[in-house]
Amino acid sequence: MSYLRIWGLSLMAVLGGTVAINFAVDPYGLNRVLSLDGFNRHKPRAEMQVHLAKVRGVAAARPGALVLGNSRAEIGIDPQHPAWPADARPVYNLAIPGSGVGSAAAHLRHALTVSRPGLVVLGLDFLDFRYAGGGDAAAPSPRLLGNGVPAAERLRRWLADQASTLLSLDALLDSARTVAAQRTPHVGDLRADGFNPLNEYTELVADEGHFGLFRQRDLENLRGYLAGPKTVRAADGTPSPAFAALQEIVALCQREGIALRLFIHPYHGHLLEAFHQAGLWPAFEDWKRELVRTLPADVPLWDFGGYDRVTTEPVPARGDTRTAMRWYWEGGHYKKAAGDLILERVLGAVPADGFGVRLDAGGLEARLAAIRDARPAYRSRVEAELHGLFASQ
């Protein structure tokens, strides 16, 4: 009996110690009760539980404004930028990497169970609207709450979350990695306001240069686009389900009295070239036309998806590890500096020097034609930069 008692007490001590360590270190940024420089201030392992971190984070923040979208918005749109209206603060970045428009709608519904934001800024990604015969490929997290979730189900989810983030060996290892990484230069992080500054890419640029990061992303993108769907419609011409999810977001914001601001991401010229080479350009233009048809005239839609001074930023040459790009990390993600310009334009705080065009039915075709006309000059300038990655046309 004494052996069993000792074994039981030992097990309880181990479990109690594991819970205490994981709670104190908080590797995923779930409670943020303790935040100390050199110990756990930065959260490089938060990506392992990013859905839960943001579900908890938005509840704790009770924000006056939300950022929605995928990783482009999570990395680019800063909740602390001064362009945010004073009556919309605090701002929480609820953008989820790898998510689609259906997930954005689900996360907005969840946020409304814990807060009443007055402003939503949503980044729209063409790639999320392509139609492959199914719905939103990125399913919402099962941790999201909405109307009608029974108390027993809420308790079950809460217990499952505690087990995975406080009691598990994975969490304990992530706690150890979190502490060890604190003194690492450019340590990764997920801020308490949901923004990911992508600090770790600073080190990658210093090691590989932007050229290497762009080349890797360009190749991944082109392979995916060539293999993926080339339309935003079903065979009968019906728009993809993502448009219905967007309409749900619009309706929800209108019903709740939430100001909604939409923008199309500033795709780097390399990404636009990939759209051309993969046969996606007709669908890209069709997507913008359908957005204008779908959205009410009083919901602003800003287009940053063309060739301009930001999106045509030159990529440093191979082997150049000293030059830091101003606007982009790589072809898939723009920096906070570009996101700041987006916010200034979308929120109307400061004129953004011609960056971004508001789309409406009257000016849509002129905007599309202007983008088409700007391509040849860009393509000619970057032939050497692309180094034969895309076949000549």
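Caption draft 1: Structural view of the sheet that holds strand E4 (residues 259-264). Read from one edge to the other, the open sheet built from six strands follows the order E2-E1-E3-E4-E5-E8, with strand pairing classed as mixed. Lying at the two open borders of the sheet, with one neighbouring strand each, are strand E2 (91-93) and strand E8 (357-358). Looking at chain direction, strand E5 (residues 301-303) and E8 are connected through two bridges and run antiparallel. Residue pairing for E8: aspartate 303 is matched across the bridge by valine 357. On the sheet, helix H4 (residues 101-114) packs against strand E1 (65-68) and strand E3 (119-124) and is oriented at approximately 160 degrees with respect to E1.

Caption draft 2: Quick look at the environment of arginine 289. Inspection of the secondary structure assignment puts arginine 289 in helix H10 (residues 281-294). For the pair arginine 289 and glutamate 365, spaced 76 residues apart in sequence, the C-alpha separation works out to 8.5 Å. With residues up to four places along the chain from it excluded, the contact list for arginine 289 reads Leu364, Glu365, Leu368 and Arg372.

Caption draft 3: The packing of helix H2 (residues 50-61) against H4, seen in detail. At their nearest, the axes of H2 and H4 sit 9 Å apart, and the two run at 35 degrees to each other. Taken as a pair, H2 and H4 cross one another with a handedness that is right-handed. Facing H2, whose interface residues are His51, Val55, Val58 and Ala59, H4 presents His107, His110, Ala111 and Val114. Of the residues belonging to the contact of H2 with H4, the class tally is five nonpolar, three polar and no charged.

Caption draft 4: Region of the structure containing the environment of alanine 83. Its place among the elements puts alanine 83 in the loop between helix H3 (71-76) and E2. Between the C-alpha atoms of alanine 83 and valine 14, which are 69 residues apart in sequence, the distance is 49 Å.

Caption draft 5: Expanded view of H2. Between the first and last C-alpha of H2 there are 16 Å, a value that for twelve residues agrees with the 16 Å anticipated at 1.5 Å per step. For H2, the full list of buried residues reads Val50, Leu52, Ala53, Lys54, Val55, Gly57 and Val58.

Caption draft 6: Inspection of the packing of aromatic side chains at higher detail. Inspection of the entire model under this criterion finds 15 aromatic pairs. Ring geometry for tyrosine 225 against phenylalanine 275: centres 5.5 Å apart, planes inclined by 50 degrees, an arrangement best described as tilted. In this pair, tyrosine 225 is assigned in helix H7 (residues 200-227) and phenylalanine 275 in helix H9 (residues 269-277), connecting sequence segments 50 residues apart. The burial state of tyrosine 225 is the same as that of phenylalanine 275; both residues are buried. Here the aromatic cluster, defined as three or more aromatic residues joined through ring pairs, consists of Phe126, Phe129, Tyr225, Phe243, Tyr267, Phe275, Trp281, Phe284 and Trp287. A cation sits over an aromatic face here: lysine 335 above tryptophan 329, 4.6 Å from the ring centre.

Caption draft 7: Representation of the pattern of salt bridges in the model. A complete count under the given rule lists 26 salt bridges for this structure. The partner of arginine 289 in a salt bridge is glutamate 285, and the shortest N-O contact between them spans 3.7 Å. Of the two residues, arginine 289 and glutamate 285 are both situated in helix H10; the distance of four residues between them amounts to about one turn of the helix. Residue classification places glutamate 285 among the buried positions, given a relative accessible area of 8%. A salt bridge links arginine 293 to aspartate 286, with the nearest nitrogen and oxygen atoms 3.9 Å apart. When its relative accessible area of 53% is taken as the criterion, arginine 293 is described as exposed.

What counts, and at which threshold
Residues numbered from 1 in each chain as written. Predicted model: local features only at pLDDT ≥ 70, side-chain atom pairs only at ≥ 80, totals over all residues. Heavy atoms only, no water. Pairing = 2+ DSSP bridges. Helix = DSSP H or I, 4+ residues; strand = E, 2+ residues; numbered from the N terminus. Contact = heavy atoms within 4.5 Å. Axes fitted to C-alpha atoms, helices over the stretch in contact; angles between N-to-C directions. Left-handed = near helix turned anticlockwise from the far one by under 90°. Nonpolar A, V, L, I, M, F, W, Y, C, P; charged D, E, K, R; others polar. Expected span 1.5 Å × (residues − 1). Buried < 20%, exposed > 50% of the residue type's maximum accessible area, 1.4 Å probe, protein only. Phe/Tyr/Trp six-rings, centres within 6.5 Å; stacked < 30°, edge-to-face > 60°. Lys NZ or Arg CZ within 6 Å of the ring centre and 35° of its normal. Salt bridge = Lys/Arg side-chain N within 4 Å of Asp/Glu carboxyl O.

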